[in-house]
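# Fold and geometry: a report
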Amino acid sequence: MKYYLIAGEASGDLHASHLMRSLLTYDPQASFRFFGGDLMAAVGGTRVKHYRELAYMGFVPVLLHLRTIFRNMALCKDDIRQWQPHAVILIDYPGFNLNIAAFVRKQLHIPVYYYISPKLWAWKEWRIKNIRRDVTELFSILPFEVPFFEEKHHYPIHYVGNPTADEVRAFRASYHESAQAFAQRHHLPDRPVIALLAGSRRQEIKDNLPAMLAATRPLADHYTLAIAGAPGIELSYYNQFMQDYDVQVVPNDTYALLAHAQAALVTSGTATLETALFEVPQVVCYKTPLPHLIRFAFNHIINVKYISLVNLIADCEVVPELLADRFSVQNIASHLSQLLPGGKGREAQLQGYAEVRKRLGHAVAPDNAARCMVQLLSNSCGKRFAQ
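All of the points below concern the structure found in this document. (Residues numbered from 1 in each chain as written. Predicted model: local features only at pLDDT ≥ 70, side-chain atom pairs only at ≥ 80, totals over all residues. Heavy atoms only, no water.)

### What about the overall build of the protein chain?
As a reminder, the rule being used: To qualify as a helix, a DSSP run of H or I must reach at least 4 residues; to qualify as a strand, a run of E must reach at least 2; elements of each kind are numbered from the N terminus. Note on exposure labels: buried denotes an accessible area under 20% of the residue type's maximum, exposed denotes more than 50%, and partly exposed covers the range between, all computed with a 1.4 Å probe on protein chains only. Contacts are residue-level and defined by heavy atoms, with any inter-residue pair within 4.5 Å sufficient.
Broken down by element type, the protein chain carries 18 helices and 13 strands. Counting only C-alpha atoms and orienting by the principal axes, one finds that the protein chain spans roughly 60 × 45 × 40 Å. Counting the 387 residues in the protein chain, one finds 54% classified as buried. Put simply, of all contacts in the protein chain between residues at least 6 apart along the chain, 65% involve residues at least 24 apart.

Here it is as C-alpha cells:
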C-alpha cells in the first residue's frame, strides 16, 4: 500500500522513520512519499520537501514566511492528489497538518491517521472539532491523553505506547561505553558530568543557555559542564554563549551524554522525558517574554498544571519547573544543588521517575500504530492494545 507521511520537525522525522520501518514489517509492499527529514529518507521512498523548509516557530517568523508556508501547503495538497495514497499519516505539527487533513477529507476521501496527536490539552482545545471532523483515527503516545479525548470529548483514540520510551530502552540496552571512554571520545575532562539541554532551536538556546551557564559556573571545578549540541545547530552558534565559561559542546550524542550525566538542566519538551527515562535528576528551565503575564496566563488561561512531560504524565510535580517569573540564575542553581549526589531532593525525584515509567507502559509505539494502520486499511483493526 501507499503511505503519504508529513513530519514538520526533527522529532517528527525521528518518530516517522520508526513508524515507516514498522509499516514495512506489517506491509512489506509499502511505499512512501513524504514531507520529512534525513531519517525518513534513510528508510526509503520519495521525499518531496525537507522539514527545514517548513518549520517556522513563533508569531513573527510565521508572519514573515506566510507566502512560503502557503506555497508548501499547496504543493503538499497537489502532490497527495496526484499520488493518490491509500492513507495519509500526519505526525504532530498541527498548524500545517490539520490544514492538510481538512483538504484530504473534503477533496480526496482518503483515510487520515494522526500519529502523535496534537497537544490540545495544553492550548487550542477548540481544535477538537477539526480532529473529530477530519481525522479518521488518532494515535496517542501519552497515557493522560486518553481521558482527555475519550472522557472529556467523547472521541475514541488509540494509546499505542510511547516512542521516546522505546528509543531510550533500546539505546540503554545496547550502549556499553564507559564514562572514561565517552569523555575521551568527546575530549572532555574526566569528571562527573552535568548536562545542559538548552533546546533544539536557536531561539530556545539563546533564551535559556546563558542562565544555565551562569548557574553552573560555580560547579565547573568539580563537574564537567557539557552542552547537548542539537541536530542542525552548528557549533559556532554555541560559541557566542560559551566565552569565559569552562564548558564544552557534545554534538549529536545526547543519549550518550545523558547515560553518563549526574544531573541536568533541561529546556521543556521531549528532552525532559528523555532525561527522566535515563534516570538523570533535572531542573526544567524555560525563559519566556513578559514573565508575569505568562504566569497569569498559566494560572488562569492555559489548561494544564505543568509544562514538562514528566510532571504531566505523573500528574504531580516530580521535577521543578522554572518557568516565566520563576526562571532565574539563583533559582536554577538552588534547585540543581538539591539534585546533585547527596542532595536532599535527588532520591525523591528518582522515585517519581519510576512512576512515570510505569504509566508509560512497555508497548512498542511504532509497531502498535503500524499494525493497526495496516489492519484498518484491511478493515479489521482491533480498537485497543494490551498495555
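### Some remarks on the sheet that holds strand β10 (residues 247-251)
Put simply, the rule is: Being paired, for any two strands, means DSSP has found at least two bridges between them. Working convention: axes come from line fits to C-alpha atoms, limited for helices to the stretch in contact. Angles between N-to-C directions cover 0 to 180 degrees.
One open sheet accounts for 6 strands, arranged β10-β9-β8-β11-β12-β13; its pairing is parallel. Every interior strand has two partners, whereas the edge strands, β10 and β13 (321-323), have only one. Taking the axes of each pair of neighbouring strands and ignoring which way they run, one obtains an average angle of 25° across the sheet. Here strand β8 (residues 193-197) runs beside strand β9 (residues 224-229); their pairing, made up of 4 bridges, is parallel. Within β9, the position partnered with V193 by the bridge is T224.

### Describing the pairing of strand β1 (residues 2-7)
Going by this rule: Seen with its strands pointing away from the viewer, a crossover is right-handed if its path from the first strand over the helix to the second goes clockwise.
Most of β1 is tucked away, with 5 of its 6 residues classed as buried. By the bridge criterion, 5 bridges tie β1 to strand β2 (residues 31-36) in an arrangement that is parallel. Bridge assignment links L5 to a residue of β2, and that residue is F34. After leaving β1, the chain enters helix α1 (residues 10-26) and then returns to the sheet as β2, a path that is right-handed. The sheet contact formed by β1 and strand β4 (residues 87-91) spans 5 bridges and is parallel. Paired with L5 across the bridge in β4 is I89.

### Let's talk about helix α13 (residues 270-277)
Across the 8 residues that make up α13, a large majority, 7, are buried. Those residues of α13 lying buried are A271, T272, L273, E274, T275, A276 and L277. The first or second residue beyond α13 is E279, which carries a positive phi of 60°.

### Some details on the environment of L24
Looking at the element boundaries, L24 is found in helix α1. The spacing of L24 and A370 is 346 residues in sequence and 8.6 Å in space, taken between C-alpha atoms. L24 has contacts with A30, F32 and V43, leaving out every residue within four places of it along the chain.

### Observations concerning the pattern of salt bridges
Note the threshold: Here a salt bridge means any side-chain nitrogen of Lys or Arg lying within 4 Å of a carboxyl oxygen belonging to Asp or Glu.
Here the structure, examined in full by the defined rule, presents 16 salt bridges. Its salt-bridge partner being K119, residue D92 comes within 3.6 Å of it at the nearest N-O pair. One end of the pair, D92, is in the loop between β4 and α5 (94-108); the other, K119, is in the loop between β5 (112-115) and α6 (128-134), with 27 residues separating them in the sequence. Owing to a relative accessible area of 15%, D92 belongs among the buried residues under this scheme. Residue R105 is joined to D134 by a salt bridge in which the shortest nitrogen-to-oxygen separation is 2.5 Å. Residue R105 is found in helix α5, and its partner D134 is found in helix α6; the two are separated by 29 residues along the sequence. Take D134: its relative accessible area is 2%, and that puts it in the buried class.

### Some remarks on the side chain of T216
Put simply, the rule reads: N or O atoms within 3.5 Å of each other form a polar contact, as long as, within protein, one can give a hydrogen and the other can take it, and as long as residues adjacent in sequence are counted only when both atoms are side-chain atoms.
Within the secondary structure, T216 is located in helix α10 (residues 202-216). A polar side-chain atom of T216 sits 2.9 Å from the main-chain carbonyl oxygen of M212. The residues touching T216, leaving out its near neighbours within four places in the chain, are I194, L196, L225, L265 and L336.

### Points about the side chain of N162
Tracing the backbone shows N162 in the loop between β7 (158-159) and α8 (163-174). Polar contacts involving the side chain of N162 include one to the main-chain amide nitrogen of T164, which spans 3.0 Å. Side-chain polar atoms of N162 contact the backbone nitrogen of A165, separated by 3.0 Å.

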